[in-house]
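# Observations on the three-dimensional arrangement
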Amino acid sequence: MSTQTQDQQARETHSFQAEISQLLDIVINSLYTDDEIFIRELISNANDALEKVRHELLVDKELPGQDIPLEIRIKLDKEAKTFTIEDTGIGMSREELLNNLGTIARSGTKEFVKNAIAAAKEPSANLIGQFGVGFYSAFMVANKVVVETRGLRDDASGWLWESDGSGAFTIEAKEGLERGTRITVHLKEEKADYAEDFHVRQIIRKFSSFVPFPIMLDGEKTNTVQALWSRSKAEIKDEEYTEFYRFIANATDDPLYCQHFSADVPLAINALIFVPGDTVERMGFGRTEPGVDLYCRRVMIQKHPEKLLPEWLRFVRGVIDSDDLPLNISRETMQDSALVRKLSRVITKRFLKFLAEEAGKDEEKYKDFFEKFGRFIKEGITTDFTHRDDLAKLLRFESSTTEPGKLTSLDEYISRMPEGQEAIYYISGPTREAIEAGPYIEALRERGFEVIYNFDQVDDFVYDHLGRYQEKELKSADRGDLDLPEIEKKEDQVELSSEEATELCGWIKEHLGARIGSVRPSKRLVTNPAVAVTEGGMTAGMQRILSAINKDSSPMGGASMTLEINPRSPLIHKIHNLKGENGEFAGLLTDQLYDNALLAAGVLADPRAMADRLNQLLNKAAGV
Ligand code: ADP
Ligand code: MG
């Protein structure tokens, strides 16, 4: 940030941080449609400032200005074409002015702005609000914005900030201000209707019906509200919940779910938790930041505290109000408080129970939820040990039993398990077709065992991490130690004796050398001649994830795997007979079997060698 003193009145000119300049560019040049949201954004900032000061004043009775009424005043001037909003909130010191209205501090917001600029060039008004760049929306309608402010602890004077939105702003001292902030928006010629009482009154009513402080429009009070979460559920209409969600989440969509509950034990809680309509995290706009506010007896303690709820719950929006919290709880040490941890556990448990109930009530709706927010549930399974089982209950997946596109749950899976099935099986692959064409599921299918299909690369990791559900072990179907019950040989099937099979395995191992970890006869295969399985360590699915993350490392291939051969396969039988009389041909067939197995496991590193060999085999087959 460059600073230069211009004249004797100590008016300093600063340039905006690069991201702000880019953002202003977007705001000014491409966001014509929803420009009325600037009113919502400025009211929401005034509201935040009032919440903050209310809390500070309650905690420290020695602070001056205890009797200044907490309110928002909007003044319109048609002649001057100005829209002015004042609040008696916490105000800003010089330092805060510089930091808050000139730079983007939060990394999440920065990332979002970068992505929005790179991707769309035109983020919707909804997104602008959600990522906390609300103040700058004033430049949609302004050719100049003036901010006069005096911080709660500023004793000497206040400050005046001014900008036309074109890359720089000025700051200077200003005498005679009261605590709080006044923002004067000098309207562009074509935006002069934002100085019209009738027009502005409508917009305030639309956006700000939940602001808990009086909003005075040209001296007249426009709103009266009671905190929605403290009212009885029975008397609240759905529209009120939706409106409230839009207010606190700074959103324009409808919430997917809304949970409103109160409890007396173990803590006195009033909570209102929303699942938004969608998440920008899914669309690649960077990480979502937590969006639940913490209140004590309807006084906001902190807006969006970081560690209030588990991290994977960052997608929910809402309010948690507890009578049991001490009002003077410090924001810094809040997450260390045993009380807050208890609060977090209670809310999380209730919310997970709520989701499980909703899933039972309306499967289709829950499917929509899971498609949008399932990643957070999965993240929770791998990071939050306390809630792992409740989270696992919420998993949904396709399986060998479901129809394509239909989802089922672990509980339903268990209810379908036949006699003799001990474990829960899963396998990953890019599509249903690919999985069903592969060699891994036939053994399970033949025994009537259901297999979970994982299409998302992270799933293998999640199920592996989960390890067990309802006492049942979760096993990847490509593991070597599946311990499946024997299947009777059919009458017309050939089968190598166990000595022959052992002998052939020895021969194959010698032939493949270091390319394979070990070779053994298979108990699982039904029709496929061979399959590559993993022993305890990393599944083939995990190998695939790792090589996808690290482009330089190719999958480890067969070196760490076991090749299982099917003693009942005619081809295996043939190789056994050939190896004595025509070792070279038997070797060629073995090499191809090996590559086929790695290909099915998704860990074949170099397919070119295989193409050469296939030509050789074709020649042989054609008798050339
Ligand atoms: P957000 O409200 O999401 O933080 P904004 O761009 O709306 O983002 O505001 C940026 C910051 O400027 C706020 O976080 C706050 O610190 C400060 N600010 C804006 N308006 C006011 C106000 N009326 N009183 C005090 N501080 C304010
Ligand atoms: Mg804001």
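A brief report on the enclosed structure follows. Fair warning: this is a prediction, and the values are worked out from it, not measured in the lab. (Residues numbered from 1 in each chain as written. Chains lettered and ligands numbered in written order. Predicted model: local features only at pLDDT ≥ 70, side-chain atom pairs only at ≥ 80, totals over all residues. Heavy atoms only, no water.)

### Re helix 14 (residues 457-466)
Turning to helix 14, its buried residues number three or more, namely Asp459, Asp460, Val462, Tyr463 and Leu466. Viewed along the axis of helix 14, the buried residues span an arc of 165°, placing them on a single side of the element. Positive phi shows up at Gly467, right after helix 14, with a value of about 75°. (Buried < 20%, exposed > 50% of the residue type's maximum accessible area, 1.4 Å probe, protein only. Helix = DSSP H or I, 4+ residues; strand = E, 2+ residues; numbered from the N terminus. Arc of directions from axis to C-beta.)

### Quick look at the sheet that holds strand 19 (residues 468-469)
Strand order in the open sheet formed by five strands is 16-18-17-20-19, and the pairing between neighbours is mixed. Only two strands of the sheet have a single neighbouring strand rather than two, namely strand 16 (398-399) and strand 19. The pairing of strand 17 (residues 424-428) with strand 18 (residues 451-454) spans four bridges and is classified as parallel. Along strand 18, the bridge assignment pairs Ser428 with Asn454. (Pairing = 2+ DSSP bridges.)

### Comments concerning the pattern of salt bridges
Taken as a whole and judged by the stated rule, the model has 45 salt bridges. Residues Lys81 and Glu189 are paired through a salt bridge, measuring 3.7 Å at the closest nitrogen-oxygen approach. Of this pair, Lys81 sits in the loop between strand 3 (72-77) and strand 4 (82-87) while Glu189 sits in the loop between strand 8 (180-187) and helix 6 (197-207), and the two are 108 residues apart along the sequence. Given the relative accessible area of 25%, Lys81 is considered partly exposed. Of the residues examined, Glu189 reaches a relative accessible area of 58% and is grouped as exposed. (Salt bridge = Lys/Arg side-chain N within 4 Å of Asp/Glu carboxyl O.)

### Observations concerning the sheet that holds strand 22 (residues 530-534)
Spatially, the three strands line up as an open sheet ordered 21-23-22, and their pairing is mixed. Among the strands making up the open sheet, the edge pair consists of strand 21 (518-521) and strand 22. Across the sheet, the axes of successive neighbouring strands diverge by a mean angle of 30°, strand direction being ignored. With four bridges joining them, strand 21 and strand 23 (residues 561-565) adopt parallel strand pairing. When the sheet's bridge partners are listed, Val519 is paired in strand 23 with Leu563. Sitting on the sheet, helix 18 (residues 583-601) is in contact with strand 22 and strand 23, with an inclination near 50° to strand 22. (Axes fitted to C-alpha atoms, helices over the stretch in contact; angles between N-to-C directions. Contact = heavy atoms within 4.5 Å.)

### Focus on the pairing of strand 6 (residues 158-163)
Within a regular strand, side chains alternate between the sheet's two faces. Among the six residues of strand 6, five are classified as buried, and the element is accordingly described as predominantly covered. Here six bridges tie strand 6 to strand 7 (residues 168-174), and the two strands are oriented antiparallel to one another. Residue Trp161 lies in a different strand from strand 7, and its bridge partner there is Ile171. The hairpin turn running from strand 6 into strand 7, its antiparallel successor, is four residues long, and Gly165 in that turn takes a positive phi close to 80°.

### Quick look at the packing of helix 17 (residues 570-581) against helix 18
Relative to each other, helix 17 and helix 18 sit at 145°, their axes nearing to 7 Å. Remark: the crossing between helix 17 and helix 18 carries left-handed chirality. Counted together, Leu571, Ile572, Ile575, Leu578, Lys579 and Glu581 of helix 17 and Gly583, Phe585, Ala586, Leu589, Thr590 and Leu593 of helix 18 form the full contact between these two elements. (Left-handed = near helix turned anticlockwise from the far one by under 90°.)

### Description of the environment of Ala532
Assignment of secondary structure puts Ala532 in strand 22. Overall, the relative accessible area of 0% leaves Ala532 in the buried class. Once residues within four sequence positions are removed from consideration, Ala532 is found in contact with Tyr440, Asp478, Met561, Thr562, Leu563, Ala597 and Leu598.

### A closer look at helix 8 (residues 338-361)
Here helix 8 is 24 residues long and its end C-alpha atoms lie 35 Å apart, about the 34 Å a rise of 1.5 Å per residue gives. Val340, Leu343, Ser344, Val346, Ile347, Thr348, Phe351, Leu352, Phe354, Leu355, Glu358 and Ala359 are the residues of helix 8 that are buried. On its buried side, helix 8 packs onto strand 11 (257-263), strand 12 (269-275), strand 13 (291-296), strand 15 (317-322), helix 9 (363-383) and helix 10 (388-392). Of the residues that open helix 8, the one with a side-chain oxygen 3.1 Å from the backbone nitrogen of Leu339 is Ser337. (Expected span 1.5 Å × (residues − 1). Polar contact = N/O pair within 3.5 Å; in protein donor to acceptor, adjacent residues only side chain to side chain.)

### Some thoughts on the side chain of Arg54
Relative to the helices and strands, Arg54 is located in helix 2 (residues 37-59). Relative accessible area serves as the criterion here: at 19%, Arg54 is assigned to the buried category. Among the polar contacts listed, one links the side chain of Arg54 to the side chain of Glu51, at a separation of 3.1 Å.

### Re the packing of aromatic side chains
Scanning all chains against the criterion turns up 29 aromatic pairs. Aromatic pair Tyr257 and Phe354: ring centres 5.9 Å apart, planes at 85°, arrangement edge-to-face. In this pair, Tyr257 sits in strand 11 while Phe354 sits in helix 8, placing the two residues 97 residues apart along the sequence. A network of ring pairs unites the aromatic residues Tyr257, Phe315, Phe351, Phe354, Tyr366, Phe369, Phe370, Phe373 and Phe376 as a single cluster. The side chain of Arg94 reaches across the aromatic face of Trp159, ending 6.0 Å from its centre. Above the face of the Tyr594 ring, Arg515 is positioned so that its terminal group lies 5.6 Å from the ring centre. (Phe/Tyr/Trp six-rings, centres within 6.5 Å; stacked < 30°, edge-to-face > 60°. Lys NZ or Arg CZ within 6 Å of the ring centre and 35° of its normal.)

### Remarks on the nonpolar core
Of all hydrophobic cores here, the largest spans 99 residues; its most connected members are Ile320, Phe369 and Leu410. Per-element accounting of this core gives the leading share, nine residues, to helix 8. Aside from chain neighbours lying at most four places away, what touches Leu410 is Ala392, Leu395, Phe397, Ile424, Ile452, Leu466, Tyr469 and Leu474. One finds Phe38, Leu187, Tyr194 and Ala195 within the second-largest nonpolar core, a separate group that totals 65 residues. (Core = buried A, V, L, I, M, F, W, Y, C linked by side-chain atoms within 4.5 Å.)

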